[in-house]
Amino acid sequence: MKKIVLIFSLCLMLCGCHEKPALSKHSGQILDGGFDTFIQLIAYTQSEDEYEDYLALTKERFQYYNALFDRYHNYEGINNLKTINDNAGKQAVAVDQELIALLKQTKQYTQLANGRYDVSFGAVLEVWHRYREEATSGGKIAVPTMAELEDASLHTGWDLIEIDEQAGTVFIKDPFASIDLGSAAKGYAAEKCALALQEAGLRHAILNAGGNVRIIGDKPESDNHSWSVGIQLPSNQESASLATVYMDKDSSFVTSGDYQRAYEYEGIMYHHIIDPSTLMPARHMRSLTIICEDSGLADILSTTLFTMSYEEGNALLTQLKEQGIAAEAVWVFDANETAPDIESLYTKGSYLIAISDGLRDHFELSK
């Protein structure tokens, strides 16, 4: 009898070792994480205290990257992107390796996209920024002249930027040139934060940095363990979803659209995504969402493909896949615009939606 009890007790101990503690869902927002946006973390953890630790880590990581990549403000004790731009034509600036790593990544995709993506285009983007700020703050509403934009474009190009990895420095040789990482910084920060959370032990979460969504693992309470991420209507007036994409693994969703940071002049909307080939806002589509594992890459590609036609963008995705870089896309067009003649084209209200082939089993129009 004693032997049976011992065996039974041993079985309970062994079984108990394999039982996973129950997970509960927690959600919170960070309003002072930087990047001029809110940050939301939805996570499944063993306790609320554990969740609060992850939320604190999220805040710390985003505040760090916000300070590092900020081109408008100085921060005590750190040389950031503004420090580099302020010293253009003067001297090299010693910076954190994280800043050098992001610059190297963006340079790589400038080359892959044949110049249709370029963070060295800061001089041109600054011109548009001044006009947009004036128009949206109650001042004069106008657009830059082509002469003004072409003059600024003379102070762009990676040949003006020297990165010395060994010394850990960055130098802009032209005093009128500048770097703008707005098309990459938030995605890079979201990816690095997600990796830090995973290293700390988080296994099931969704991180939303003002629309830059990074999924960590699957969703425990879902029947198919998938997270559902909506493709937003391309409008600042409505928050409805056009479609839903389902993912059950580490994935990132980043959207670029013509309805963000825009102003109207003589009946035409002028938004913030500038095509380096025309120096004007891109006009190929209403919005473009990239889905891939790396949030930093998704951020870069969403801007890059937004400056391209559907055909050019799809060709770049194919080129990347041949190099082992997997990324999918969702294109949204107005129904009265010329959309690609492809099989994976859907109609939703006054919009046409195209998806890349890899999303067919993960995509569903909203009801």
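Above this text is the structure in question.
Analysis parameters
- Residues numbered from 1 in each chain as written.
- Predicted model: local features only at pLDDT ≥ 70, side-chain atom pairs only at ≥ 80, totals over all residues.
- Heavy atoms only, no water.
- Phe/Tyr/Trp six-rings, centres within 6.5 Å; stacked < 30°, edge-to-face > 60°.
- Buried < 20%, exposed > 50% of the residue type's maximum accessible area, 1.4 Å probe, protein only.
- Helix = DSSP H or I, 4+ residues; strand = E, 2+ residues; numbered from the N terminus.
- Pairing = 2+ DSSP bridges.
- Patch = residues over 30% accessible without salt bridge, like charges linked within 9 Å, V, L, I, M, F, W, Y side chains within 5 Å.
- Areas by Shrake-Rupley, 256 points an atom, 1.4 Å probe, with all protein chains shown as cover.
- Salt bridge = Lys/Arg side-chain N within 4 Å of Asp/Glu carboxyl O.
- Lys, Arg positive; Asp, Glu negative; His and termini not counted.
- Charge placed at Lys NZ, Arg CZ, Asp CG, Glu CD.
- Polar contact = N/O pair within 3.5 Å; in protein donor to acceptor, adjacent residues only side chain to side chain.
- Contact = heavy atoms within 4.5 Å.
- Core = buried A, V, L, I, M, F, W, Y, C linked by side-chain atoms within 4.5 Å.
- Expected span 1.5 Å × (residues − 1).
- Axes fitted to C-alpha atoms, helices over the stretch in contact; angles between N-to-C directions.
- Nonpolar A, V, L, I, M, F, W, Y, C, P; charged D, E, K, R; others polar.
- Disulfide = S-S within 2.5 Å.

Undergrad: What is the right way to read the packing of aromatic side chains from this model?
TA: For any two aromatic rings, the description comes down to two numbers: the centre-to-centre distance and the angle of the planes. In this structure the tally under the stated criterion is 11 aromatic pairs. Taking the centre distance of 4.8 Å and the plane angle of 65 degrees together, the rings of tyrosine 64 and tyrosine 65 count as edge-to-face. Summarising the burial analysis for this pair, tyrosine 64 and tyrosine 65 share the class buried. A connected cluster of aromatic rings, assembled from ring pairs, spans Tyr64, Tyr65, Phe69 and Tyr188.

Undergrad: Please clarify how the pairing of strand E6 (residues 205–209) should be interpreted in this entry.
TA: Across a regular strand the side chains alternate sides, sitting on one face of the sheet and then on the other. The buried count for E6 comes to five of five residues, which makes it a mostly enclosed element. Alternating residues of E6 divide into Ala205, Leu207 and Ala209 and Ile206 and Asn208, and every residue in both groups is buried. Both E6 and strand E7 (residues 212–216) contribute to a ladder of five bridges, which runs antiparallel. What sits directly across from alanine 205, in E7, is isoleucine 216. What sits between E6 and E7 in their antiparallel hairpin is a turn of two residues, with glycine 210 showing a positive phi close to 60 degrees.

Undergrad: Would you mind going over a negative patch on the surface with me for this structure?
TA: A grouping of Glu48, Asp49, Glu52 and Asp53 is seen on the molecular surface, where their side chains present a negatively charged patch. In this fold, aspartate 53 is placed in helix H2 (residues 48–69). For aspartate 53, a relative accessible area of 57% translates into the label exposed.

Undergrad: How should I be thinking about the pattern of salt bridges in this particular structure?
TA: What the rule picks out here adds up to 16 salt bridges. The shortest N-O distance in the salt bridge between glutamate 221 and lysine 25 comes to 3.9 Å. Here lysine 25 lies in strand E1 (residues 24–30) and glutamate 221 lies in the loop between E7 and strand E8 (227–232), a separation of 196 residues in the sequence. Taking relative accessible area as the criterion, lysine 25 reaches 47% and is therefore assigned partly exposed. Residue glutamate 126 pairs with arginine 71 through a salt bridge whose shortest N-O separation is 3.8 Å. Of the two residues, glutamate 126 is situated in helix H5 (residues 122–136) and arginine 71 in the loop between H2 and helix H3 (81–86); the sequence distance between them amounts to 55 residues. Judged by its relative accessible area of 22%, glutamate 126 is partly exposed. Three or more residues joined by partner-sharing salt bridges are found here, namely Arg71, Glu126 and Asp180.

Undergrad: I would appreciate a short explanation of the side chain of serine 252 in the present structure.
TA: Residue placement: serine 252 occurs in strand E10 (residues 251–257). The exposure class of serine 252 is buried, given its relative accessible area of 0%. Within the local environment of serine 252, its side chain forms a polar contact with the backbone nitrogen of serine 295, the two atoms lying 3.1 Å apart. If sequence neighbours within four positions are ignored, serine 252 has contacts with Glu191, Val213, Arg214, Ile290, Ile291, Cys292, Glu293, Asp294, Ser295 and Ala298.

Undergrad: It is not clear to me how the nonpolar core should be interpreted in this structure. Could you clarify?
TA: Ranked by internal contacts, the top residues of the largest apolar core, which has 73 residues, are Phe69, Leu181, Ile290 and Trp331. Residue contributions to this core peak at eight residues, all from H2.

Undergrad: Quick question: what am I supposed to make of the environment of glutamate 133 here?
TA: Secondary-structure assignment places glutamate 133 in helix H5. Judged by its relative accessible area of 42%, glutamate 133 falls in the partly exposed class. Sequence spacing of glutamate 133 and alanine 282 is 149 residues, and the spatial spacing of their C-alpha atoms is 19 Å.

Undergrad: It is not clear to me how helix H7 (residues 185–199) should be interpreted in this structure. Could you clarify?
TA: What sets the pattern is the α-helix's 3.6 residues per turn: residues three or four places apart point alike. Spanning 15 residues, H7 covers 21 Å between terminal C-alpha atoms, matching the ideal 21 Å at 1.5 Å per step. Looking only at H7, the buried set comprises Ala185, Lys186, Gly187, Tyr188, Ala189, Ala190, Glu191, Cys193, Ala194, Ala196, Leu197 and Gln198. Glycine 201 lies just past H7 and shows a positive phi near 120 degrees.

Undergrad: What exactly am I supposed to notice about the packing of H5 against helix H6 (residues 146–153) here?
TA: Each pair of packed helices gets described by two things: the angle between the helix axes and the distance between those axes. Put simply, H5 and H6 touch, their axes get as near as 7 Å, and they point 145 degrees apart. In this structure, H5 uses Ala123, Val124, Val127, Trp128, Arg130 and Tyr131 to contact H6, whose residues at the interface are Glu148, Leu149, Ala152 and Ser153. For the contact of H5 with H6, the class distribution of residues is seven nonpolar, one polar and two charged.

Undergrad: What exactly am I supposed to notice about the state of the cysteines here?
TA: Each disulfide is one covalent bond, formed between the sulfur atoms of two cysteines. With the rule as written, the count across this model stands at zero disulfides. Cysteine cysteine 193 remains unbridged, with the sulfur of cysteine 292 as its closest cysteine sulfur at 17 Å.

Undergrad: Hey, could you run me through the sheet that holds strand E3 (residues 93–94) in this one?
TA: The strands making up a sheet associate through backbone hydrogen bonding, with each pair oriented either parallel or antiparallel. Taken in spatial order, the three strands make up an open sheet running E3-E5-E4, and their pairing is antiparallel. On the outer flanks of this sheet lie E3 and strand E4 (161–164), each paired with one strand and no other. Here four bridges tie E4 to strand E5 (residues 169–172), and the two strands are oriented antiparallel to one another. By the bridge assignment for E5, aspartate 164 is matched with threonine 169.

These results come straight from atomic positions and should not be treated as a statement about function.
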